[in-house]
Each structure stands twice: as structure tokens, then as C-alpha cells.
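Residue strings, one per chain:
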Amino acid sequence: MNKLKQHKLFLLGSNEAVDALAKKDCATILAVSDSHGRPEILKTILKRFSSQADALAFLGDGCADLVHILNNLDSNEDLQTSLPPVIAMVHGNGDESVFDVDFFPSEDLNVRTLKAPAAITFFVAGKNVLVTHGHMFGVYYGTAGLENHAKTSESKLILYGHSHVADISENNGITFINPGSCSLPRQGLPPSIAEIKIHFTGEIECTFYEIKASLSEGIKFVPFSPLMRRW
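Thresholds, definitions, all that
- Residues numbered from 1 in each chain as written.
- Predicted model: local features only at pLDDT ≥ 70, side-chain atom pairs only at ≥ 80, totals over all residues.
- Heavy atoms only, no water.
- Helix = DSSP H or I, 4+ residues; strand = E, 2+ residues; numbered from the N terminus.
- Rg over C-alpha atoms; globule rule 2.2 N^0.38 Å.
- Contact = heavy atoms within 4.5 Å.
- Areas by Shrake-Rupley, 256 points an atom, 1.4 Å probe, with all protein chains shown as cover.
- Lys, Arg positive; Asp, Glu negative; His and termini not counted.
- Charge placed at Lys NZ, Arg CZ, Asp CG, Glu CD.
- Core = buried A, V, L, I, M, F, W, Y, C linked by side-chain atoms within 4.5 Å.
- Buried < 20%, exposed > 50% of the residue type's maximum accessible area, 1.4 Å probe, protein only.
- Polar contact = N/O pair within 3.5 Å; in protein donor to acceptor, adjacent residues only side chain to side chain.
- Salt bridge = Lys/Arg side-chain N within 4 Å of Asp/Glu carboxyl O.
- Pairing = 2+ DSSP bridges.
- Axes fitted to C-alpha atoms, helices over the stretch in contact; angles between N-to-C directions.

A tally of helices and strands in the protein yields six helices and 13 strands. Rg of the C-alpha trace for the protein: 16 Å, near the compact-globule value of 17 Å for 231 residues, within the 12% margin. Once the C-alpha set of the protein is aligned to its principal axes, its extents read approximately 50 × 50 × 35 Å. Within the protein, contacts between residues at least 6 apart in sequence are counted, and of these 63% link residues at least 24 apart. In the form shown here, the protein has an accessible surface area of approximately 10700 Å², with 49% of it arising from carbon and sulfur atoms. When the 20 positive and 26 negative side-chain charges of the protein are each reduced to one mean point, those points stand 3 Å apart.

Structural data, given as C-alpha cells:
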């Protein structure tokens, strides 16, 4: 459950939850990006994965979708109680950076706005994690811009979106993960998300899930390898 209080690092969650996330032996991040006005897809993802995630990283271009869900948690008790205790939300090139909300993210009850910065860094199971949309770092052309920024922030894991292409790579000790777009994928890939397990020992495990929809079976989440499916 998330207290929906905005932390000094712009994370959404209590100070205790943020501190506990940093110290975990193993923690799971649900990474979602680029919902582009499809809150129903994002809501379905959260219903399926929230209860097993220690943190949600929303990587931009669809922040209003997540805010819509947060504003309506009172009408969905199951999601309200299962929402990850820490949420990192960054704005993309198609997002605003400040959102009016129906809850109180600050101790000041006169403040009912939620900020979505361009980047957030925080610790997960002892590892410094950077989340950003990627449009400011030229991710259409590779991860060099992200890597240069990571050297400044000393991040060892970078989660980003923008390209709508699911991908995982490693360079100079830094792991880069793009979960793809949950609504508008490119390069022949399906709509997707990523579930990332971080071990305090340094190991990172990533599972990509294809979002499959059919009239007979509804929405299913099926593990897949983006490297095997790309054009």
C-alpha cells in the first residue's frame, strides 16, 4: 500500500518505505512506459503486478493516465491496498510536469499538486537506480547520453522509455532497460512491460512481458524476449 505522499526525492511513498526499499536483500521494480492516454491498460497492468512489486517506475508519456488511476483509488479497494509502496513517475515529452490531484501528496493540506520531474535517482536493494523518459538523452540513437548522465549520478541501472522499443543492454558496468510501450510499440514488437529483480549482491534479473489481448481470453501477460522479435 502506498501512502501517496511525495518524498523529497520526488518519489511517491513514505520516508519509511523509501528507506526500506534501499535496504532490501532483493526488490522488484515494475517498469511501465508510454501508455499514451490508455489508463485502462495501465490499470490492468497494476492489478496484475502491483502486489508482487516493491516499486513502480512509470517512465513517462502517460503520466496523466497514472494520475487518473491514483485519483480514483477510493473506488478500487483491491488496487488501493496492493499498490507498490514506492512509485517513481517521470514526465515524458508528451507530459506536463505538474498535476492537480484529488489527494494530499504534501503535509501541507493546501497543496494538491504532484510533481513529475525529468529524472529521479533512488536506491533499490543497495543499487543506485536512475529513471527517466529518455527524450532529453537522445535514446533514439543509443544509450550514450544516458551513460554520460549515469556517470554524474553514479547510477548502475537506468530505466527509460521514449523509443517504444523494449530492450536491455549493458555497458561499462551500467545496465539499461527499456520496458517498451504498453500501448503503442514499434519495430514489430508487442505492447510490453518489464519486471526487474535487483539483488543486494548486485545481480539484476529482467523479465519482459508481452501484453496479449483476445476476445476469448481477455488480457494475458506472456514472457518474451524482445531481441528475438524485433525487426
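Next comes the rest of the description.
On to the nonpolar core, then. If you look at the biggest cluster of nonpolar residues, it comprises 32 residues, and the most contacted ones within it are Ile45, Leu70 and Ile193. Contributions of two or more residues to this core are made by β1 (26–32), α2 (39–49), β2 (55–58), α3 (63–71), β3 (86–89) and β12 (204–214). Leaving out residues up to four positions away in the same chain, Ile45 has contacts with Leu30, Val32, Ser50, Cys182, Ile193, Ile211 and Phe221.

We now examine the environment of Ser192. Of note, Ser192 is situated in strand β11 (residues 192–199). Separated by 20 residues in the primary sequence, Ser192 and Lys212 have C-alpha atoms spaced 8.9 Å apart. Setting aside chain neighbours within four positions, we find Ser192 in contact with Ala166, Pro179, Gly180, Ser181, Cys182, Tyr209, Ile211 and Phe224. Among the polar contacts listed, one links the side chain of Ser192 to the backbone oxygen of Pro179, at a separation of 2.6 Å.

Quick look at the pattern of salt bridges now. The tally for this structure, following the rule as stated, stands at three salt bridges. The partner of Asp54 in a salt bridge is Lys24, with the nearest N and O atoms 3.6 Å apart. Of the two residues, Asp54 sits in the loop between α2 and β2 while Lys24 sits in the loop between α1 (15–23) and β1, which places them 30 residues apart along the sequence. Look at Lys24 and you get partly exposed, because its relative accessible area is 32%. The shortest N-O distance in the salt bridge between Lys220 and Glu217 comes to 3.4 Å. On the accessibility criterion, Lys220 (39% relative accessible area) is partly exposed.

A separate point is the sheet that holds β12. The sheet built from six strands is open, its strands ordered β3-β2-β1-β11-β12-β13 with mixed pairing. Two strands close off the open sheet at either side, each with one partner strand: β3 and β13 (218–224). Each adjacent strand pair in this sheet contributes to an overall mean axis angle of 25°, direction not counted. Both β2 and β3 contribute to a ladder of four bridges, which runs parallel.

Note on sheets: strands pair through backbone hydrogen bonds, and any given pair is parallel or antiparallel. Sheet architecture is open: five strands sit in the order β6-β7-β8-β10-β9, paired in mixed fashion. Each of the sheet's edge strands pairs with one partner strand only, and the pair in question is β6 (119–124) and β9 (167–171). When the angles between neighbouring strand axes are averaged without regard to direction, this sheet yields 20°.

This part covers the side chain of Ser50. By the element assignment, Ser50 lies in the loop between α2 and β2. A polar side-chain atom of Ser50 sits 2.8 Å from the main-chain carbonyl oxygen of Leu46. The residues contacting Ser50, other than those within four sequence positions of it, are Ile45, Leu79, Ser82, Leu83 and Pro84.

Just distances and angles here, no functional claims.
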